[in-house]
Amino acid sequence: MKRVLILTGTAAAIALGGAIAQDKQLTIVSWGGAYSKSQIEAYHKPYTEKTGVEILNEDKSANALAGIRAQVEAGNVTWDVVDMLQADAQRACDEGLVMEVPHDEWLKAAPDGTPASEDFIEGTLGPCFIPQILYATMFAYNTEAFPDGGPQTVEDVWDVEKFPGTRALQQIPQKNLEWALLADGVETDKVYEVLATKEGQDRAFAKLDEIKDNVIWWSEGAQPPQMLADKEAVIATAYNGRIFNAQVNEDQPFEIMWDHQMFETDGWVVPVDTGNLDTIKDYLAFATDTQRLADQAKYISYGPARKSSAPLVGMLEGTDIDMKPHMPTNPTNLETAIPFDVQFWADYGDALEERFNAWVAG
């Protein structure tokens, strides 16, 4: 039996027509939790039913870049499709760790014939990257901690007197540095310009110093909802889909603060030197078609990366909850949003991560 490994962390799929052997397996590495469940229901189960290919899941996307590096360097690539953030995918592409993708050859056109390269939302495609969803990282809070009303702005998060309690932040510089500058008065359209300078970086870290004693750190997407539920933290950065899941399926008293949400793209890459490329391409073509991306929104509140999918987004599976208002791409939720600058973090990520990790440990 030939074994194919697919990593999932945001959306993986492979495209090529033709029959796929019934005895093959795909291992998909993703982010776990509600997100992986949405992929399983929208992509994996239907693909297995269609082709007979068994899909194995691994929840390792949080360390996908390091994992691909190690496998390629060792000459032992066991992952076929990897779900990664767009910024990490660009870094992997720049390092020659993942394959370049001819999008219009591998992926299906929209139902009206629009080529895939024109149907995906502008700015989401990368030379080695196939988008799946747009998601937001934003602040959320436990309403029970703030009976008189919770924080409404990023500046409020820094106001520990008016909104006392522990903040849970993801243990990465990305987004934390941008929010720190916003809280310090930098205009939205100037954030990356300022952050590209040493003075701006110093300013961001100085602003983070103001709340460092009130911060605990998280590294896995499942942690912020649990921290809020346990009241280990009263405010947390989190992925919007995780908070929505906790609100709807767990009846948690959480509120999303959409002010200056940072939205970015998650999707698939294919490591170099992988095997069974035809099956990988077939899966990617299936999992990123218009209907499949719309179907994922039945299970989690992430916006589909294809323009043709948006009109097909409907209700949360098994409920009468309209998913459209809960998407990061809803116009109301986008009013103060910041597009995550993938190229900035591809250029500055290594240096800022080193400084950030030293700052956390200091």
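Scroll up to find the structure.
Each chain carries its own residue numbering, running from 1 in the written order of its sequence. With pLDDT at 70 or above as the cut-off, local features in this predicted model cover only qualifying residues; side-chain atom pairs require 80 or more to be listed or tallied, and sums for whole chains, interfaces and linings still use all residues. As a rule here, side-chain values cover all heavy atoms of the structure and leave hydrogens and water aside.

Notes on the environment of Glu264
Turning to step 1, where the next piece is worked out: A helix here means a DSSP run of H or I that spans at least four residues, while a strand means a run of E at least two residues long, and both kinds are numbered starting from the N terminus. Residue placement: Glu264 occurs in strand β9 (residues 254-269).
Turning to step 2, where the next piece is worked out: As a C-alpha pair, Glu264 and Tyr135 span 129 residues in sequence and 5.8 Å in three-dimensional space.
Turning to step 3, where the next piece is worked out: At 2.6 Å, the side chain of Glu264 forms a polar contact with the side chain of Lys175. Distance and chemistry together define a polar contact, namely a pair of N or O atoms within 3.5 Å, with one atom able to donate a hydrogen and the other to accept it when in protein, and with adjacent residues in sequence counting only for side-chain atoms on both sides.

With respect to the pairing of strand β8 (residues 235-239)
Turning to step 1, where the next piece is worked out: Accessible area is worked out with a 1.4 Å probe on protein chains only. A residue is then buried under 20% of its type maximum, exposed over 50%, and partly exposed in between. Of all the 5 residues making up β8, 5 are buried; the element is thus mostly covered by neighbouring parts of the structure.
Turning to step 2, where the next piece is worked out: On β8, burial covers both faces: Ile235, Thr237 and Tyr239 on one face and Ala236 and Ala238 on the other are all buried.
Turning to step 3, where the next piece is worked out: Only when DSSP finds a minimum of two bridges between them are two strands counted as paired. Both strand β5 (residues 130-142) and β8 contribute to a ladder of 5 bridges, which runs antiparallel. Each residue of the ladder has a partner; that of Met138, found in β8, is Ala238.
Turning to step 4, where the next piece is worked out: In this structure, strand β6 (residues 167-170) lies alongside β8, joined through 2 bridges in parallel fashion. The residue bridging Ala168 from the neighbouring strand is Ala236, located in β8.

Comments concerning the side chain of His103
Turning to step 1, where the next piece is worked out: Inspection of the secondary structure assignment puts His103 in helix α4 (residues 103-106).
Turning to step 2, where the next piece is worked out: Under the relative-accessibility criterion, His103 is labelled buried at 12%.
Turning to step 3, where the next piece is worked out: At 2.9 Å, the side chain of His103 and the backbone oxygen of Phe129 are in polar contact.
Turning to step 4, where the next piece is worked out: Throughout, a contact is declared for two residues whenever any of their heavy atoms are within 4.5 Å. Residues in contact with His103, not counting those within four places in the same chain, are Ala116, Leu125, Gly126, Pro127, Phe129 and Ile130.

Regarding helix α2 (residues 64-74)
Turning to step 1, where the next piece is worked out: Buried within α2 we find Ala64, Leu65, Gly67, Ile68, Gln71 and Val72. The buried residues of α2 occupy an angular sector of 160° when the element is viewed end-on, so they sit on one face. In α2, those exposed residues whose orientation departs by more than 90 degrees from the buried face are Glu73 and Ala74.
Turning to step 2, where the next piece is worked out: For α2, the secondary structure elements touched by its buried residues are β4 (81-85), α3 (86-94) and β9.
Turning to step 3, where the next piece is worked out: Of the residues one or two after α2, Gly75 is the one with positive phi, at around 70°. In this description, the arc belongs to the directions extending from the helix axis to the C-beta atoms.

Quick notes on the nonpolar core
Turning to step 1, where the next piece is worked out: In this structure, Phe139, Trp158, Leu177 and Trp345 are the most contacted members of the largest nonpolar core, which totals 37 residues.
Turning to step 2, where the next piece is worked out: For this core, the secondary structure elements donating two or more residues are β5, α6 (154-157), α7 (176-183), α8 (191-195), α9 (198-209), β9 and α14 (342-361).
Turning to step 3, where the next piece is worked out: Per-element accounting of this core gives the leading share, 7 residues, to α14.
Turning to step 4, where the next piece is worked out: Residues belong to a common nonpolar core when they are buried Ala, Val, Leu, Ile, Met, Phe, Trp, Tyr or Cys residues joined through side-chain atoms within 4.5 Å. Counting 24 residues, the second largest nonpolar core, distinct from the first, contains Ile55, Val101, Ile130 and Tyr283.

Description of the pattern of salt bridges
Turning to step 1, where the next piece is worked out: Any Lys or Arg side-chain nitrogen found within 4 Å of a carboxyl oxygen on Asp or Glu counts as a salt bridge. One pass over the structure, following the stated rule, counts 18 salt bridges.
Turning to step 2, where the next piece is worked out: The residue Asp289 makes a salt bridge to Lys108 at a minimum N-O spacing of 3.7 Å. One end of the pair, Asp289, is in the loop between α12 (277-287) and α13 (290-296); the other, Lys108, is in the loop between α4 and α5 (116-119), and 181 residues separate them in sequence.
Turning to step 3, where the next piece is worked out: Here the salt bridges share partners, and the residues they tie into one network are Asp88, Arg91, Asp350 and Glu353.

Focus on the packing of aromatic side chains
For any pair of aromatic rings, geometry is given as the distance between the ring centres together with the angle between the planes.
Turning to step 1, where the next piece is worked out: Centres within 6.5 Å are what make two rings of Phe, Tyr or Trp a pair, Trp counting through its six-membered ring; a difference in plane orientation under 30 degrees is then read as stacked, over 60 as edge-to-face, and the rest as tilted. Across all of its chains, the model carries 18 aromatic pairs by this definition.
Turning to step 2, where the next piece is worked out: With 4.7 Å between their ring centres and 50° between their planes, Phe139 and Trp179 make a pair best called tilted. Residue Phe139 is located in strand β5, and its partner Trp179 is located in helix α7; the two are separated by 40 residues in the primary sequence.
Turning to step 3, where the next piece is worked out: Residue classification places Phe139 among the buried residues on the basis of a relative accessible area of 1%.
Turning to step 4, where the next piece is worked out: Taken together, the ring pairs in this structure connect Tyr35, Tyr135, Trp218, Tyr239 and Tyr302 into an aromatic cluster.
Turning to step 5, where the next piece is worked out: Charges are assigned to positions over rings by a cutoff of 6 Å between ring centre and Lys NZ or Arg CZ, combined with an angular limit of 35 degrees from the ring normal. Above the face of the Trp359 ring, Lys212 is positioned so that its terminal group lies 4.5 Å from the ring centre.
Turning to step 6, where the next piece is worked out: Lying across the ring of Phe286, Arg292 places its NZ or CZ 4.4 Å from the centre.

Focus on the packing of α9 against α14
Turning to step 1, where the next piece is worked out: Only the stretch in contact is used when a helix axis is fitted, and all axes are lines through C-alpha atoms; the angle between N-to-C directions ranges over 0 to 180 degrees. At a minimum axis distance of 12 Å, the contact between α9 and α14 shows a crossing angle of 30°. Taken as axis vectors, α9 and α14 run roughly parallel relative to one another. Where α9 crosses over α14, the two elements pack in a sense that is right-handed. Together, Gln201, Asp202, Phe205, Leu208 and Asp209 of α9 and Tyr348, Leu352, Arg355, Phe356 and Trp359 of α14 make up the contact between the two elements.
Turning to step 2, where the next piece is worked out: Its residues assigned to classes, the contact of α9 with α14 comprises 6 nonpolar, 1 polar and 3 charged. An angle below 35 degrees is treated as roughly parallel, one above 145 as roughly antiparallel, one from 65 to 115 as roughly perpendicular, and anything else as oblique. Crossing handedness: left-handed means the near helix sits turned counterclockwise from the far one by under a right angle, and right-handed means the same turn made clockwise. All amino acids are sorted into three groups, where Ala, Val, Leu, Ile, Met, Phe, Trp, Tyr, Cys and Pro are nonpolar, Asp, Glu, Lys and Arg are charged, and the leftover types, Gly among them, are polar.

Here's the deal with the side chain of Gln90
Turning to step 1, where the next piece is worked out: On the secondary structure map, Gln90 appears in helix α3.
Turning to step 2, where the next piece is worked out: When neighbours within four sequence positions are excluded, Gln90 is seen to be in contact with Pro127, Val342, Gln343 and Ala346.

Examining the environment of Pro325
Turning to step 1, where the next piece is worked out: Turning to its location among the elements, Pro325 is positioned in the loop between β10 (303-304) and β11 (338-339).
Turning to step 2, where the next piece is worked out: On the basis of relative accessible area, Pro325 is assigned to the partly exposed category, the value being 43%.
Turning to step 3, where the next piece is worked out: Each C-alpha atom of the pair Pro325 and Ser301 lies 9.0 Å from the other, and the pair is 24 residues apart in sequence.
Turning to step 4, where the next piece is worked out: Beyond its immediate chain neighbours, meaning those up to four positions away, Pro325 contacts Asn330 and Asn333.

Side note on helix α1 (residues 33-51)
Turning to step 1, where the next piece is worked out: When the terminal C-alpha atoms of α1 are compared, their 25 Å separation across 19 residues agrees well with the 27 Å that a helix rising 1.5 Å per residue should span.
Turning to step 2, where the next piece is worked out: Fitting axes to the seven residues ending at a residue and to the seven starting there, one defines the bend at that residue as the angle between these axes. The sharpest bend along α1 measures roughly 45° and falls at Ile40.
Turning to step 3, where the next piece is worked out: Restricting attention to buried positions, one finds in α1 the residues Ala34, Tyr35, Ser36, Ser38, Gln39, Ala42, Tyr43, His44, Tyr47 and Thr51. Under the convention used throughout, the expected extent of a helix is 1.5 Å for every residue step, that is, one less than its residue count.

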